Amino acid sequence: MREKMIRFMQGRYGNDRLGQVMLMLALACMVLSLFRIPFISTIGLMILILTYYRMFSRQIGKRAAENQKYLQFEWKLRAKLQKRKQTLAQSRTHRIYKCPNCRQKIRVPRNRGRIAITCRKCGTEFIKKT
C-alpha cells in the first residue's frame, strides 16, 4: 500500500506550509460549524477541497510560487508582531516620541520630568514630559 501511495504521489506537489495552514483553517471551520454558524461548514469544505487540489497538483512551479508568496506574507506578519511585542515591553520603562521635524522615533526613559530631547537624525531639539 505504501509503494502504491509513493507511486501515486510521484510528480505531484504534496504538502507545504500553505497547505498545512489551509488544513488547520478548514479544521477550525468544521469545529465552528458545530455551533450552527451559517455557511461555515461550506467554507471549510471549499478550503479542504482547495487544499487537496494543491496537494495533488502536477503544476509544481505554480504551487511553489503560491507557497513562496504565503511565506513572505507570514514573515512580514511575524516581523510586525515581534516589533509590536518589543515596543509593548519597552513601554513600561521608556516613552517613545517622534521628532516633530523628521518623524524619527526617539526612545526616552520614563519618570525624568520635563527634558529637552535632541533628535540624532536632524538635530532638532524639543521639550517633552516623560
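The structure reproduced in this document is the subject of the present report. Residue numbers run consecutively from 1 along every chain, following the written order of its sequence. Totals for whole chains, interfaces and linings use all residues, but because this is a predicted model, local features are given only for residues with pLDDT of at least 70 and pairs of side-chain atoms are given and counted only at 80 or more. Hydrogen atoms and water are omitted, and side-chain values are computed over all heavy atoms in the structure.

Regarding the overall build of the protein chain
And then number 1: By the criteria applied, helices consist of DSSP H or I runs no shorter than four residues and strands consist of E runs no shorter than two, each listed in order from the N terminus. When helices and strands are tallied, the protein chain shows four helices and four strands.
And then number 2: Sequence-ordered secondary structure for the protein chain, helices as α and strands as β, is α-α-α-α-β-β-β-β.
And then number 3: The atom set for the radius of gyration is the C-alpha atoms, and the globule formula is 2.2 Å times the number of residues raised to the power 0.38. Relative to the compact-globule value of 14 Å for 130 residues, the protein chain shows a C-alpha radius of gyration of 25 Å, a clear excess of over 25%.
And then number 4: Taken along its principal axes, the extent of the C-alpha atoms in the protein chain is 75 × 40 × 25 Å.
And then number 5: Residue burial is assigned from relative accessible area. The probe radius is 1.4 Å, only protein chains are included, and a residue is buried under 20% of its type maximum, exposed over 50%, and partly exposed in between. Buried positions account for 23% of the 130 residues belonging to the protein chain.
And then number 6: Throughout, a contact is declared for two residues whenever any of their heavy atoms are within 4.5 Å. Expressed as a percentage of contacts within the protein chain between residues at least 6 apart in sequence, the contacts between residues at least 24 apart total 39%.
And then number 7: Calculation of accessible area relied on Shrake-Rupley with a 1.4 Å probe; when residues are assessed, cover is drawn exclusively from the protein chains displayed. Carbon and sulfur atoms make up 59% of the accessible area of the protein chain, which totals about 10,600 Å².

Some details on a nonpolar patch on the surface
And then number 1: Each patch is assembled from residues with relative accessible area greater than 30% and no salt bridge, linking like charges that lie within 9 Å and nonpolar side chains (Val, Leu, Ile, Met, Phe, Trp, Tyr) that lie within 5 Å. Note on definitions: salt bridges are taken to be side-chain nitrogens of Lys or Arg within 4 Å of carboxyl oxygens of Asp or Glu. A surface patch of nonpolar side chains, amounting to about 620 Å² of accessible area, comprises Leu27, Val31, Leu32, Leu34, Phe35 and Ile37.
And then number 2: As for its placement among the helices and strands, Ile37 is situated in the loop between helix H2 (17–32) and helix H3 (40–55).

Focus on H2
Owing to its 3.6 residues per turn, the α-helix aligns residues three or four sequence positions apart on the same side.
And then number 1: To estimate how far a helix should reach, multiply one less than its number of residues by 1.5 Å. Its 16 residues place the ends of H2 23 Å apart at the C-alpha level, agreeing with the 22 Å of an ideal helix rising 1.5 Å per residue.
And then number 2: Of all the residues in H2, the buried ones are Leu18, Gly19, Met22, Ala26 and Cys29. Seen end-on, H2 carries its buried residues on one side only, within an arc spanning 95°.
And then number 3: The elements touched by buried residues of H2 are H3 and helix H4 (60–90). This arc corresponds to the set of directions leading from the helix axis out to the C-beta atoms.

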